[in-house]
Amino acid sequence: MEKKPKKRSLKKTALVLLALSMGIVTVFICNYIVIRSTTGKLFVSAGDTPKYKVGLLLGTSKYLKNGKINLYYRYRIEAAQKLYEEGKIEYILVSGDNGTVQYNEPRAFHKDLVAAGIPEDRIILDFAGFRTLDSIVRAKKVFGQNELIIISQAFHNQRAVYIAQRKGIKAVGFNAQDAYHRHGLSVPFRELLARTMMMADLYLLNRQPKFLGEPIEIG
């Protein structure tokens, strides 16, 4: 009578380990696909980056929870400025979260881009870039762009460029300086999970942007 509960326990443990193993394999397969699909599409030198009309600057918060400046934010500003000053882009489309009155990523970027010398009429704001997928799809469906230079850190650009490719957009990424060393392994780990969820969004759930709206012309 004591053997049956033991067998059931071993079976449950085996199933849990199998599910865990399959999950880990899935995560790493998704990561491999993203890296392989975007090889040669990311640039670190503005001089080597092809010239496109619009650079899509992906949003992030300006400040960390401790009140200090978010280096991911600062470096993205610098990257966008560099592309514009070297004539690689004509317009900067800033796409970010505008979830509350107090939290407005595009407005913060707009203010600091202008302070960096970018003319206001060359900055377009997308207030409904709640996720990377939303930002990419809206760049095409709302802002009419079929070619983009995506501006963010390398790990984020890989995912963004992959989404753009699957949405019929000719895209490359320009890598802003990274700051992952300040956050340990948390950023790479979250990115692995984000890539797995992205695959589910694209191929299983067919997830769409939260908002679209009327077309907005750039230039």
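Our subject is the structure listed above.
Notes on the structure follow. (Residues numbered from 1 in each chain as written. Predicted model: local features only at pLDDT ≥ 70, side-chain atom pairs only at ≥ 80, totals over all residues. Heavy atoms only, no water.)

1. What to know about the overall build of the protein chain
In terms of helices and strands, the protein chain carries 6 helices and 6 strands. Counting from the amino terminus, helix and strand elements in the protein chain follow one another as α-β-β-α-β-α-β-α-β-α-β-α. Counting across all 219 residues of the protein chain, residues that qualify as buried make up 42%. As displayed, the protein chain offers around 12500 Å² of accessible surface, 57% of which is attributable to carbon and sulfur atoms. A distance of 13 Å separates the average location of the 34 positive side-chain charges in the protein chain from that of its 19 negative side-chain charges. (Helix = DSSP H or I, 4+ residues; strand = E, 2+ residues; numbered from the N terminus. Buried < 20%, exposed > 50% of the residue type's maximum accessible area, 1.4 Å probe, protein only. Areas by Shrake-Rupley, 256 points an atom, 1.4 Å probe, with all protein chains shown as cover. Lys, Arg positive; Asp, Glu negative; His and termini not counted. Charge placed at Lys NZ, Arg CZ, Asp CG, Glu CD.)

2. Observations regarding helix H3 (residues 105-115)
Those residues of H3 that fall on the buried side of the exposure criterion are Glu105, Pro106, Phe109, His110, Asp112 and Leu113. Within two residues after H3, Gly117 carries a phi angle of roughly 105 degrees, on the positive side.

3. A few points about the side chain of Asn157
Relative to the assigned elements, Asn157 resides in helix H5 (residues 154-166). One polar contact links the side chain of Asn157 to the main-chain carbonyl oxygen of Ser152, over a distance of 3.0 Å. Excluding residues that lie within four positions of it along the chain, Asn157 makes contacts with Leu42, Ile150, Ile151, Ser152, Gly173, Phe174 and Asn175. (Polar contact = N/O pair within 3.5 Å; in protein donor to acceptor, adjacent residues only side chain to side chain. Contact = heavy atoms within 4.5 Å.)

4. So, the pattern of salt bridges
Scanning all chains against the criterion turns up 7 salt bridges. Of the charged contacts, one joins Glu191 and Arg159 as a salt bridge, the two residues approaching to 2.8 Å between their closest N and O atoms. Of this pair, Glu191 sits in helix H6 (residues 186-205) while Arg159 is found in helix H5, placing the two residues 32 residues apart along the sequence. The class of Arg159 is buried, set by a relative accessible area of 13%. The closest approach of N and O atoms between Asp201 and Arg207, which form a salt bridge, is 2.8 Å. For Arg207, a relative accessible area of 36% corresponds to the partly exposed category. Sharing partners across several salt bridges, the network here consists of Arg131, Asp134, Asp201 and Arg207. (Salt bridge = Lys/Arg side-chain N within 4 Å of Asp/Glu carboxyl O.)

5. A few points about the sheet that holds strand E2 (residues 54-58)
Taken in spatial order, the 6 strands make up an open sheet running E1-E6-E5-E2-E3-E4, and their pairing is parallel. Either end of the sheet is taken by a strand with one partner, and the two such strands are strand E1 (42-43) and strand E4 (123-126). Note: strand E3 (residues 91-95) against E4, 4 bridges, orientation parallel. Residue pairing for E4: Ser95 is matched across the bridge by Asp126. In the packing of helix H2 (residues 71-85) onto the sheet, contacts are made with E2, E3, strand E5 (147-153) and strand E6 (170-176), and the angle to E5 comes to roughly 145 degrees. Against the sheet, H5 engages E1, E2, E5 and E6, with an angle of about 155 degrees to E5. (Pairing = 2+ DSSP bridges. Axes fitted to C-alpha atoms, helices over the stretch in contact; angles between N-to-C directions.)

6. Description of the nonpolar core
Among the nonpolar cores identified, the biggest contains 28 residues, and Leu57, Ile92, Val94, Leu113, Ile149 and Ile151 are the most heavily contacted of them. When contributions to this core are tallied by element, the ones reaching two or more residues are H2, E3, H3, E4, E5 and E6. Considering each element in turn, this core owes the most residues, 8 residues, to H2. Excluding anything up to four places from it in sequence, Ile92 contacts Gly55, Leu57, Ala80, Leu113, Ile118, Arg122, Ile123 and Ile124. In terms of nonpolar packing, the next biggest core, distinct from the first, is built from 27 residues, Ile136, Val137, Phe143 and Ile169 among them. (Core = buried A, V, L, I, M, F, W, Y, C linked by side-chain atoms within 4.5 Å.)

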